[in-house]
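Residues per chain, in single letters:
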Amino acid sequence: MYSTRVAGLNLNDPFVIASGVIPEVPGLMRRVCHQYRPAAITTKTFTLYPVESHHSPTIVKVGEGCYINAIGLGNPGIRALEPNECVQIVSIGGSSLEEMVQASLEGERYANAIELNLSSPNRRGYGADTASLVSDIVSAVKSSVKRPVLVKLGPWDNVLSLAGKALDAGADGLTLINTMKGMVVDVEEFKPILSYGTGGISGRCIHNLAVRIIYEVYREYNPDIIGVGGVFTLDDALELLSVGAKAVGIASLIIESGFEAIPKLRASLSLYLQRKGLKLEDIIGRAVKR
Ligand SMILES: Cc1cc2nc3c(=O)[nH]c(=O)nc-3n(C[C@H](O)[C@H](O)[C@H](O)COP(=O)(O)O)c2cc1C
């Protein structure tokens, strides 16, 4: 009733754990898979070699359901990636095309799909700073790996053009959206609270940005999209699906309420579809004028 297919992945339901919210604890990803059965787990972004996280504070709550974080892509390097019996989307970042190709090749052995992080605002030279190379990076990774490749983009003014370039270069799907670069200042000390200075805003504060961007990208190109951004309730998820997302990523809600949020959303969706007499596919893209 609510299975879905996105970028060549068959998912039991649309609810995917978005990149970055499972803490770095050995075996935790497998335990989360076993206990909460998310349709897929996206790993935190891995680079080819280990990267240190920024110093704390790295995450601050800035409003009801809103966060700003700058972890800085801290990770133990792609060789630390563990296999998982859930569908695993391996997020890959890097500071060059060569690094991303190499990390994707290493990551693909435990991946059902690769997600290229061309959008994190939290480390100079990585993520958003590599978005201008989207065509070359996607072509190079696509010609190197066998798994489907998703490209994760941010909530920027040029996102429609970058999405087009990613798809032209062969991306199998898009993950929209990453966090929005912002800042929070301590007015006792008059200095930024996050050690990195700036950070990425997530959660409810970016939800309507995600709705609008997914709508515009879906209307223009009709691609496979994992919609991410401020999903806290079933209605939020239905909004992203109705503007064209085929699956929905959850990050800040998990920080706020834990992984239990995933089975709760699944149960609410099931009741909703029964009550309405609808299938998931009846909803996807329904709010998009063509
Ligand atoms: C603490 C934290 C860490 C994150 N780490 C990553 C990351 O490593 N790679 C990535 O592509 N996105 C990362 N994100 C972005 C999320 O995957 C997601 O795109 C964003 O938070 C919007 O979804 P949300 O509103 O449900 O939080 C992170 C977000 C948070 C809050």
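Only a predicted model underlies this, so the values are computations on that prediction, with no experimental measurement involved.

Reading the values: rules and limits
- Residues numbered from 1 in each chain as written.
- Predicted model: local features only at pLDDT ≥ 70, side-chain atom pairs only at ≥ 80, totals over all residues.
- UniProt positions renumbered as here; feature names shortened; annotations may be inferred.
- Helix = DSSP H or I, 4+ residues; strand = E, 2+ residues; numbered from the N terminus.
- Pairing = 2+ DSSP bridges.
- Axes fitted to C-alpha atoms, helices over the stretch in contact; angles between N-to-C directions.
- Core = buried A, V, L, I, M, F, W, Y, C linked by C-beta atoms within 7 Å.
- Buried ≥ 20, exposed ≤ 12 C-beta atoms within 10 Å, placed from the backbone.
- Contact = placed C-beta atoms within 7 Å.
- Near = placed C-beta within 6 Å.
- Nonpolar A, V, L, I, M, F, W, Y, C, P; charged D, E, K, R; others polar.

Asker: Give me the lowdown on the UniProt feature "active site" (unreviewed entry) in the protein, citing residues and values where you can.
Answerer: Summarizing the sequence annotation, UniProt attributes the feature "active site" (unreviewed entry) to S120 in the numbering used throughout. Mapped onto the elements, S120 comes out in the loop between β8 (113-117) and α3 (134-142).

Asker: Mind laying out the sheet that holds strand β14 (residues 198-203), listing which residues take part and the relevant values?
Answerer: Strand order in the open sheet formed by 4 strands is β5-β6-β14-β11, with antiparallel pairing between adjacent strands. In the strand order of this sheet, the two ends are held by β5 (59-63) and β11 (180-183), each with one partner. Strand-to-strand twist of the sheet, defined as the mean angle between neighbouring strand axes without regard to direction, takes the value 40°. Bridge count between β11 and β14: 4 bridges; the pairing is antiparallel. Bridge pairing in β14 links K181 to G200.

Asker: Please provide a residue-by-residue account of the nonpolar core, values included.
Answerer: Ranked by size, the top nonpolar core spans 92 residues in total, and within it V151, I214 and I250 carry the most contacts. For this core, the element with the most residues is helix α5 (residues 207-221), which contributes 7 residues. Not counting residues within four places of it along the chain, the set of residues in contact with I214 comprises L176, I225, G227, L240, V243, G244 and A245.

Asker: Outline the site of the ligand, listing residues and values.
Answerer: Among the 29 residues in the neighbourhood of the ligand, the closest are listed as S19, G20, S202, A251 and S252. Counting residues per element, the ones that place at least two in the shell around the ligand are β6 (66-69), β14 and α7 (252-257). Here the shell around the ligand takes 3 residues from α7, the largest share from any one element. Classifying every residue of the shell around the ligand gives 13 nonpolar, 14 polar and 2 charged.

Asker: I'd like a rundown of the sheet that holds strand β10 (residues 173-176), residues and numbers included.
Answerer: Judged by pairing direction, the barrel is parallel, and its 8 strands sit side by side in the order β3-β4-β7-β8-β9-β10-β15-β16 before closing back on the first. Ignoring strand direction, the axes of neighbouring strands in this sheet form an average angle of 25°. Pairing of strand β3 (residues 15-17) with strand β16 (residues 247-250), which is carried by 3 bridges, proceeds in the parallel orientation. Counted as the bridge partner of I17 is I250 from β16. The strands touched by α3 are β8 and β9 (149-153); relative to β9, the strand with the most contacts, the crossing angle is about 160°.

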